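Chain by chain, the residues:
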Amino acid sequence: MALKFTDLPQLYAHGFDTVIDVRSPAEFTEDHLPGAINLPVLDNEERARVGTIYKQKSPFLARKLGAALVFRNAANHIEHRLSHHEGNWRPLVYCWRGGQRSGSFTWTLQQIGWQADVVDGGYRTYRRLVKAYLYDQPLPFQLIALDGYTGTAKTELLHHLDRRGVQVVDLEGLANHRGSLLGERPGGQPSQKAFESSLSAAFCALDPSRPVVVEAESSKIGDRILPPSVWTAMCAAPRIHIDAPLSARSAYLTQAYDDILSDTERLRDRLSPLRSHRGHEVVDGWLNLMSSGDKQALTRALMEQHYDPAYAKSQRQHPAKILARIEIAQLDDNGLRGAADRIKNTLDQL
């Protein structure tokens, strides 16, 4: 009997020792249950080959070849990746729809004596539950947004708050993007589905009776879109506004964005399209500062001529309730620790 899950928190609290995704590596890379390991019973080429035979020749021939490949690959996984498990091991297995791939693999594990079970409906059930959680239902959390001009170390403040026991969700970390024009990070962004998996897992791990602190964002972080339940909750979230002098923000950003500030070709590609928005003279000034190697002057100019005006415009168009204003003179470790303490005090009084 396959296990039926009716909501996402129930699935995430499955209680099994290991979650095994037996889909192909390509399917797994696009998205998977958080924490799952990939033990494909058909690799990318084998899956395509079986699918082609199914469509062009015969379902029977496809199933016959598929069975041989599935059991051959399953035997390899058991002999190598799974050989260390004891008899009381409890794996939870899923494939695309909870059908033959996961059913065959789970049956094999059960014959050995392992307490294996399969997800009813497979990955499609999981995606349906993620969609319901992030698209169809209101987010069951009170969000508090850290707001402020670019360069006020809001993401780093989230990490300080996390260490103080405050519930936080690092949206930029999950999206692997710093949420700005120059926000790319190594490794690129996850797929939209994988981003949503990380988001839902992060929220489901938290206590709905306590507030959750996030960084104020637009509806997109890089190319990843915030799902409706998260975006609606963020729009309604009261703000804790972070203030810091321009000089401190410039010094902080120069260090935090050193990777792209040091890559002049990539930086030029990111700044040049802003000519239509900020004008040729302004962008030429940025490129001259870039060519001279004056990174701090460049970051200051970008804030004064691009980021700060854009932020001020957004604030006028979308005013929000301000819970507190936290001023930080220096965005060093001492300054951020003190700011985190004041933010936590504000949250404790809610």
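Higher on the page you've got the structure.
Residues numbered from 1 in each chain as written. Predicted model: local features only at pLDDT ≥ 70, side-chain atom pairs only at ≥ 80, totals over all residues. Heavy atoms only, no water.

Engineer: I keep staring at the pattern of salt bridges and nothing clicks. Help me out?
Structural biologist: Close approach of charged atoms allows side chains of opposite charge to pair. Enumeration over the complete set of coordinates arrives at 19 salt bridges. A salt bridge links R23 to D21, with the nearest nitrogen and oxygen atoms 2.8 Å apart. In this structure R23 comes out as buried when scored by relative accessible area, which is 1%. Taking the shortest distance from any N to any O, the salt bridge between D147 and R239 comes out at 3.5 Å. Here the residue D147 occupies a position in strand β5 (residues 143–148), and R239 occupies one in strand β9 (residues 239–243), the gap between them amounting to 92 residues. In this structure, a network of salt bridges that share partners links the residues E184, D263, R266 and R270. (Salt bridge = Lys/Arg side-chain N within 4 Å of Asp/Glu carboxyl O. Buried < 20%, exposed > 50% of the residue type's maximum accessible area, 1.4 Å probe, protein only. Helix = DSSP H or I, 4+ residues; strand = E, 2+ residues; numbered from the N terminus.)

Engineer: Help me out: how do you make sense of unusual backbone geometry in this one?
Structural biologist: One non-glycine residue with positive phi stands out, namely A153, at about 60°. Assignment of secondary structure puts A153 in the loop between β5 and α7 (154–163). Exposure remark for A153: the relative accessible area of 4% places this residue in the buried category. We note that N176 has phi near 50°; this positive angle belongs to a residue other than glycine. Tracing the backbone shows N176 in the loop between α8 (171–175) and α9 (192–204).

Engineer: Hey, could you run me through the sheet that holds strand β4 (residues 117–118) in this one?
Structural biologist: Within a beta sheet, neighbouring strands are joined by backbone hydrogen bonds and run either parallel or antiparallel to one another. Spatial ordering of the open sheet is given by β2-β1-β3-β4, a layout of four strands whose pairing is parallel. Looking along the sheet, the strands with just one partner apiece sit at the ends: β2 (37–38) and β4. With four bridges connecting them, strand β1 (residues 18–21) and strand β3 (residues 91–94) associate as parallel partners. Residue pairing for β3: V19 is matched across the bridge by L92. Packing against the sheet, helix α5 (residues 100–112) makes contact with β1, β3 and β4, and its axis sits at approximately 155° to β3. (Pairing = 2+ DSSP bridges. Contact = heavy atoms within 4.5 Å. Axes fitted to C-alpha atoms, helices over the stretch in contact; angles between N-to-C directions.)

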